[in-house]
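Spelled out from the first residue to the last, the chains are:
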There are 2 protein chains.
Amino acid sequence: MLYIVGLGLGDERDITLRGLDAVQKCEKVYLEAYTSLLALGLDASATTTLEKLYGRPVIVADREMVEQMAERILDEAQTSDVAFLVVGDPFGATTHSDLVVRAKSMGVKVEVIHNASVMNAVGACGLQLYRFGEAISIPFFTETWRPDSFYDKIKANRSIGLHTLCLLDIRVKEPSVEALCRGRKEYEPPRYMSVNTAVEQLLEIEENRQENVYTEETMTVGLARLGQPTQLIVAGPLKQLLSVDFGAPLHSLIITGNTHVMEEEMLNFFKQQ
Amino acid sequence: MLYIVGLGLGDERDITLRGLDAVQKCEKVYLEAYTSLLALGLDASATTTLEKLYGRPVIVADREMVEQMAERILDEAQTSDVAFLVVGDPFGATTHSDLVVRAKSMGVKVEVIHNASVMNAVGACGLQLYRFGEAISIPFFTETWRPDSFYDKIKANRSIGLHTLCLLDIRVKEPSVEALCRGRKEYEPPRYMSVNTAVEQLLEIEENRQENVYTEETMTVGLARLGQPTQLIVAGPLKQLLSVDFGAPLHSLIITGNTHVMEEEMLNFFKQQ
C-alpha cells in the first residue's frame, strides 16, 4: 500500500492522527521536498524532529530523486507499506497526481490522507473560498525571461468578479549556471519570492500591458507563514503592500475580485493604519 | 483563547495533533453541527467517540444554539480556553468568519487550526485545484421554489474554461411545516442531496434556460464520502451520473471546464465501463 499523506501547513504536529497512524506502520517513509517547505525547514535537525515524532527514519526526496525513484517507491509499495509525505494536501500540486496515475497503472493500492493546503487555508483572510477563480503561479523574472501569461488569468477571474490566489515562486535545489557550465552538481541557495517582489512584477506587467486588469489601488492581501504562529496577513491597495515587511517565507498574495460586505468586514481587521 | 479547530473530512482521527493538543487543554469544547456532517454521525455514540478521544465533554451546537450562544462562548473564551470544532476547515463555511469578526471586535484572542475541507480534497478526482472557478450551492427544489441563479455562475466559470464545484444541499434540524403551524418545535429528519437529484435539477434548469451552459454529455464527476474509506468517485457524462448509486452522504458534483491531458488521464480511472 502507498499512503500519500498530507502534512498540512508547517508544524510537524499539523499531521492528522490518521496520517500518523499510517506513517507509523510503514516500512519506508519518503518526504517530498520540492513543491513546498515545512516551517521547520528541511535541514538535518528538522528531519530529526519528524523522525522522533514518527519513530521512523525519513528519506528526504527532492524532485530529481522522486523522478528517478518513483518506480522503486512504487515497487516497494507493491509488497510493503510505504508513506509518501507531502507538505499541504497531497493534491495541492500536480506532480502527485502523476504518482497516483503511475501507481494505479501498476495496480498498487493508494490511500490518500488529506490535510490543509494553502488552497483552502487562505480563507483565514476573510475572503470566501468559493469566490476564488483560477489560481496562478508567479515565477521570478530574470533579465531575459519575463513571462506574463498569468496576467490574462487574473483578467479572466476579475471579469467575472472572482479573487485570484497568486502562488509565489519557490526555487529549491536549482543548479547554478556556473556549476552547469563546469559539468558539476552544485546548487544555488534556496529562494522564495516575497510579496514585495510579486507586487513589483505585477506592476511592471500592468505598466507594459496597459489593459487595466488591476491598478496600484486594487485591494490585495499579502499572506506570510499561513497557519503558523507567526502568520502575518496584511490587506491593502497593491502599492501599499510594496513597503510591508512580511518576514520569512512562504508568502502568497491575493488580488481581490468583487467583495461582499462580510468579506470587507474581515479584511478591515487586516488593514494597516 | 478561542481555538477554532478544523476536524477534516469525516473520521474522528482526521483531527491534527495540534488540534488535539488544543482541544485537550480547553475547558469547554463545542462541536458545530449544522454546516456539515461527520462521517461518524452526530448521535450520542458519535459524541462519545469524540469525548473518549479528547478526554473532554463535547457540547453539540446546532445553528440556533451557536447563534444564541455566540456571545456566551466568546465571554467564556475571554477568561478561559474554549474550543469550537468545525467539520472540514474552519473557513470552509462563511458562518465561521462571522464568529472570528465578533471575537476580534471583543478583543478575544483567536487561534485557527486548519484542516482539509471539500474545497481542497476534491483534488482527489484528478482535476487540478487551481483550475476551479466559483463554487456553487445547489438547494433542494420544492413545488414552489426552483431557484437557478447558480446556472449563471456555472456559465461564467465555463466561459473562461474553469471547473465548477457544486456543494449539495444539507437539511439538518429543519422545522416541519406541520409543527410550525401548530407552534411546536419538531424537526424533519435530516436530508442530504444526492448526486442524482443534483443532476436532475441541473438538467431541468438547462431545459428551461436553453443557454447551452452544459449538456447531457458534459463531463462531470460525482463524489461521495470524500476522504473516507468508502469514498466513491465516478467520472462521466452528466446524464450517466443519473443512474449511478453513490450510497450514503455527503455527495458533491463537479462540472468540468476545459481539461488538460494530465487531468483526463486521472479522470479515466474514475470512468465506469
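The structure reproduced in this document is the subject of the present report. (Residues numbered from 1 in each chain as written. Chains lettered and ligands numbered in written order. Predicted model: local features only at pLDDT ≥ 70, side-chain atom pairs only at ≥ 80, totals over all residues. Heavy atoms only, no water.)

1. A closer look at the packing of helix H6 (residues 150-159) of chain B against helix H8 (residues 195-209) of chain B
All names here are of chain B.
Then, number 1: The geometry of H6 relative to H8 is characterised by a closest axis approach of 11 Å and an angle of 85° between their N-to-C directions. Judged on the interaxial angle alone, H8 and H6 are roughly perpendicular. Within the contact between the two elements, H6 uses Phe150, Tyr151, Asp152 and Ile154 and H8 uses Leu202, Ile205, Glu206 and Arg209.
Then, number 2: Here the contact of H6 with H8 is built from residues that sort into five nonpolar, no polar and three charged. (Axes fitted to C-alpha atoms, helices over the stretch in contact; angles between N-to-C directions. Helix = DSSP H or I, 4+ residues; strand = E, 2+ residues; numbered from the N terminus. Parallel < 35°, antiparallel > 145°, perpendicular 65-115°, else oblique. Contact = heavy atoms within 4.5 Å. Nonpolar A, V, L, I, M, F, W, Y, C, P; charged D, E, K, R; others polar.)

2. Side note on H8(B)
An α-helical turn contains 3.6 residues, so a residue and the one three or four places further along point in the same direction.
Residues and elements named next belong to chain B.
Then, number 1: With 15 residues, H8 should reach 21 Å at 1.5 Å per residue; the first-to-last C-alpha distance of 21 Å fits that figure.
Then, number 2: Residues of H8 that are buried: Val195, Asn196, Ala198, Val199, Gln201, Leu202, Leu203, Ile205 and Glu206.
Then, number 3: The elements touched by buried residues of H8 are strand S6 (136-138), H6, strand S7 (164-168), strand S10 (219-224), helix H9 (238-241) and strand S12 (251-255).
Then, number 4: Phi turns positive one or two residues past the end of H8, at Gln210, with a value near 55°. (Expected span 1.5 Å × (residues − 1). Buried < 20%, exposed > 50% of the residue type's maximum accessible area, 1.4 Å probe, protein only.)

3. Describing empty space enclosed by the protein
In this approach, a probe sized like a water molecule rolls over the atoms, and the result shows the empty space that is left.
Then, number 1: Applying the stated rule across the entire model yields five cavities of 30 Å³ or more.
Then, number 2: Lining of the largest cavity is provided by 15 residues; of these, Met119(A), Leu129(A), Phe132(A), Leu129(B) and Phe132(B) occupy positions nearest its centre.
Then, number 3: When grouped by side-chain class, the residues that make up the lining of the largest cavity number 13 nonpolar, two polar and no charged.
Then, number 4: Within this model, the second largest cavity holds a volume of roughly 60 Å³.
Then, number 5: What lines the second largest cavity is simply Gly8(A), Leu9(A), Asp14(A), Asn115(A), Ala116(A), Gly227(A), Thr16(B), Arg18(B), Val112(B), Ile113(B) and His114(B). (1 Å grid on protein atoms, 1.4 Å probe; cavity = no way out; pocket = protein on both sides within 12 Å on 5 of 7 lines; lining within 4 Å. Points joined across faces, edges and corners; volume = space filled by probe spheres on them.)

4. Here's the deal with the sheet that holds strand S1 (residues 2-6) of chain B
Residues and elements named next belong to chain B.
Then, number 1: If you trace the five strands from one edge of the open sheet to the other, you get S3-S2-S4-S1-S5, paired in parallel fashion. A strand with exactly one partner marks an edge of an open sheet, and here the two such strands are strand S3 (59-61) and strand S5 (110-113). If you compare each strand with its neighbour and ignore which way they point, the axes differ by 20° on average.
Then, number 2: Looking at chain direction, strand S2 (residues 28-32) and S3 are connected through three bridges and run parallel. Residue pairing in the sheet places Tyr30 in a bridge with Ile59 of S3.
Then, number 3: Against the sheet, helix H1 (residues 17-24) touches S1, S2, strand S4 (82-86) and S5, its axis set at about 140° to S5. (Pairing = 2+ DSSP bridges.)

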